[in-house]
Amino acid sequence: METSSWIIFILIIQVIHGLSTWKLYQKAGRKAWEAFVPIYNAIVLMKIINRPTWWTLLLFIPIINLFMFPIVWIETLRTFGKKTTLDMVLGVVTFGLYIAYVNYTQNVTYYANRDTKAPNKAMETIGSLAFAIIVATFVHTYFIQPFTIPTSSLEKTLLVGDFLFVSKYNYGARTPMTTVAAPMVHDTIPFLHTKSYLYNDNENEKDSWKNKFQLPYFRLPGYQKIERNDIVVFNWPADTVRQFFTKERKYIKPIDKKSNYVKRCVGIPGDTIEIKNSILYSNGKPLILPERAKPQFSYKAVWDGTPINTDYLVQELQITDPAGQIATDTLLFTALSNEAAERLKNVPGIKKLIPVIATEKEATIFPYNQNWNVDNLGPIYIPEKGKTVELNDETLPFYKKLITDYEHHTLDVKGNEILIDGKPTTTYTFGQDYYWMMGDNRHRSEDSRYWGFVPEDHIVGKPIFIWMSWDSNAKGIANKIRWNRLFTTVSGDGQPKSYFLYFLVALAIYFGFDYFRKKKKKDNA
């Protein structure tokens, strides 16, 4: 839904509200016209129902307002003496229209100084739960979101089983685009295995009424921009699957409900990136990764047949998986860091270590019409907002999807002529910034090499903190917890340092202080 359509929709809602409540406003000693003025009518209503003015703000925050509206409907009915269980149920199931019935048919009394406490224990519990969800949703949406690392694409930097806190405020929190959705879950409701949001996923019915509730993209100001080498969480642009590893029809999702991915940003707007023999170049120079980054590549080892202890390889060399034998005299290692490769050379039985570098064309490499592969591609220009590029047969494959899917223009090619929104053109000016994301585990990462650019409106946030790390392959509960990774920062200089001990000390001090405070209070009573 466009901004103008949303404004019209909100105005219609305001008219409905005014028509449904103006007599109640008068009963409360206010003017009838006050029920019709957008925003102001909500401020007045909060005063009428004896609730804080700041509740008004919650009525206009997507997702959170889905919980606030029923609360306000119930509070309005209770303020005018309609406080039976049936009244409250009718208020909710009729989406507030029961208030209009009361407004026109009931001679109600206004209780200005009514008791705002819940009428019974059940309602008190429901109210407490609702506000707990509201607070948690607000924090989850605009400040910090928990996230789990599911794959090994950033292995050695972020491990499978790391539990992260992802900051929304570093790059600026993105307001929800999908307004009708369950709180604090992503695209699927746990256990029910059904969509958590209202949206029509049929590609042939994109204009369904369900999709009219989508808000335009908007991002609050952040205090930093995405920089090269930042680890970033984003919505996977190519996501059209309902369930991974299951062949199904194409499944269309709104942007903010696409699967969350985490990769390293190796190309920012305006950069030109290139990969030559697995070495990544940024603007003509090899990209220097931070100390914490551990890029990994595939190697072929010439082997003399001496038995090799795979536990030794995994534990001592910190190799992700044991070697896989591909011939009688060779072993294949698919995820070796430079340090592990150097150490592997000294393992008895390993005669020679050869980097595996792709040389053949791979049809799955973006933009799918070049003689490129995972280790050799480019140069590719990363689009920058406001910058203009030439459009021709060579550049169009790079930017066609960007123009049509991400910036919502029509694009047609008729002979040698390119038409955007029906008008002939030879250039295009980008409407938003784009990024190039890659995993450090270069041969085991599905990233921008396969599906191209990540638009700015797909950016979710910045991982800042690992609060828990769980190794599901380890034996024994104590060994499954990676103690050295607990309470470590994701970014920063030097190697990661655990602050878990400091946390335990602070926790002990707090509980000790709280114990003596309560004891002193009890002694003085």
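Here, every reference points to the structure presented above.
Basis of the calculations
- Residues numbered from 1 in each chain as written.
- Predicted model: local features only at pLDDT ≥ 70, side-chain atom pairs only at ≥ 80, totals over all residues.
- Heavy atoms only, no water.
- Helix = DSSP H or I, 4+ residues; strand = E, 2+ residues; numbered from the N terminus.
- Buried < 20%, exposed > 50% of the residue type's maximum accessible area, 1.4 Å probe, protein only.
- Contact = heavy atoms within 4.5 Å.
- Areas by Shrake-Rupley, 256 points an atom, 1.4 Å probe, with all protein chains shown as cover.
- Lys, Arg positive; Asp, Glu negative; His and termini not counted.
- Charge placed at Lys NZ, Arg CZ, Asp CG, Glu CD.
- Salt bridge = Lys/Arg side-chain N within 4 Å of Asp/Glu carboxyl O.
- 1 Å grid on protein atoms, 1.4 Å probe; cavity = no way out; pocket = protein on both sides within 12 Å on 5 of 7 lines; lining within 4 Å.
- Points joined across faces, edges and corners; volume = space filled by probe spheres on them.
- Polar contact = N/O pair within 3.5 Å; in protein donor to acceptor, adjacent residues only side chain to side chain.
- Pairing = 2+ DSSP bridges.
- Core = buried A, V, L, I, M, F, W, Y, C linked by side-chain atoms within 4.5 Å.
- Axes fitted to C-alpha atoms, helices over the stretch in contact; angles between N-to-C directions.

What is the right way to look at the overall build of the protein in this model?
Tallying secondary structure elements over the protein gives 13 helices and 23 strands in all. Each principal axis of the C-alpha atoms in the protein carries an extent, and together these give about 95 × 80 × 40 Å. Expressed as a percentage of the 525 residues in the protein, the buried residues total 43%. In the protein, the share of contacts with a sequence separation of at least 24, taken over all contacts with a separation of at least 6, comes to 66%. Within the structure as shown, the protein displays about 28600 Å² of accessible surface, and the carbon and sulfur contribution to it stands at 59%. For the protein, the distance from the average position of its 62 positive side-chain charges to the average position of its 50 negative side-chain charges is 10 Å.

In this structure, what is going on with the pattern of salt bridges? I would like to understand it.
Where charged atoms from two side chains of opposite charge approach closely, those side chains can pair. If you walk through the whole model with that rule in mind, you get 18 salt bridges. Its salt-bridge partner being Arg485, residue Asp162 comes within 2.7 Å of it at the nearest N-O pair. With Asp162 in strand β2 (residues 162–167) and Arg485 in the loop between α12 (477–480) and β23 (488–489), the pair connects residues that are 323 residues apart, well separated along the chain. In terms of burial, Asp162 and Arg485 fall into one category: buried. Of the charged contacts in the structure, one is a salt bridge between Asp239 and Lys253, with a shortest N-O distance of 2.9 Å. Within this pair, whereas Asp239 is found in the loop between β5 (231–235) and β6 (260–267), its partner Lys253 is found in the loop between β5 and β6, the two being separated by 14 residues in sequence. Lys253 carries the same exposure label as Asp239, and that label is buried. In the salt-bridge network here, residues are joined through shared partners; they are Arg51, Glu75, Arg78 and Arg114.

Explanation requested: empty space enclosed by the protein in the structure shown.
For the structure on display, the rule yields two cavities of 30 Å³ or more. In this structure, the largest cavity encloses a volume near 40 Å³. Looking at the largest cavity, the residues that line it are Phe366, Phe398, Lys401, Leu402, Tyr406, Trp451, Gly452 and Phe453. No other element matches helix α10 (residues 396–406), which puts four residues into the lining of the largest cavity. Reported here for the second largest cavity is a volume of approximately 30 Å³. What lines the second largest cavity is simply Thr21, Leu24, Tyr25, Leu45, Ile48, Thr76 and Phe80. Residue assignment for the lining of the second largest cavity shows that the elements contributing at least two residues are α1 (3–27) and α2 (40–48).

Explain the side chain of Arg219 to me, please; I cannot follow it from the model alone.
Structurally, Arg219 can be placed in the loop between β4 (194–195) and β5. This buried residue, Arg219, is left without a salt bridge; Glu456 holds the nearest opposite charge, at 4.4 Å. Separated by 2.9 Å, the side chain of Arg219 and the backbone oxygen of Gly172 make a polar contact. Engagement of the side chain of Arg219 in a polar contact is seen with the backbone oxygen of Glu456, the distance being 3.0 Å. Each residue touching Arg219, except ones within four places of it in the same chain, is listed here: Tyr171, Gly172, Ala173, Arg174, Glu456, Asp457 and Ile459.

Can you help me understand the sheet that holds strand β14 (residues 377–381) in this one?
Each strand in a sheet pairs with its neighbour through backbone hydrogen bonds, running either in the same direction (parallel) or in the opposite one (antiparallel). Spatial strand order, β9-β8-β7-β14: four strands in an open sheet with antiparallel pairing. Each edge of the sheet is formed by a strand with only one pairing partner; in this case those strands are β9 (285–286) and β14. Sheet topology note: the strand β7 (residues 272–276)/strand β8 (residues 279–282) ladder contains four bridges and is antiparallel. Bridging across to β8, Glu274 finds its partner in Tyr281.

What is the right way to read the nonpolar core from this model?
The nonpolar side chains of a soluble globular protein tend to be buried with one another. Core analysis: the biggest nonpolar cluster contains 30 residues, and Ile380, Leu402, Trp436 and Phe453 have the highest contact counts within it. Among the elements that line this core, the one with the most residues is α10, at six residues. Of all hydrophobic cores here, the second largest spans 29 residues; its members include Tyr25, Ile48, Leu58 and Val72.

Where do I start with the sheet that holds strand β18 (residues 423–425) in this structure?
The three strands are arranged β16-β17-β18 in an open sheet whose pairing can be described as antiparallel. What marks the edges here is a single partner per strand, and that holds for β16 (411–414) and β18. Recorded for the sheet is a direction-independent mean angle of 35 degrees between the axes of neighbouring strands. The pairing of strand β17 (residues 417–420) with β18 spans three bridges and is antiparallel. The residue bridging Ile418 from the neighbouring strand is Thr425, located in β18.

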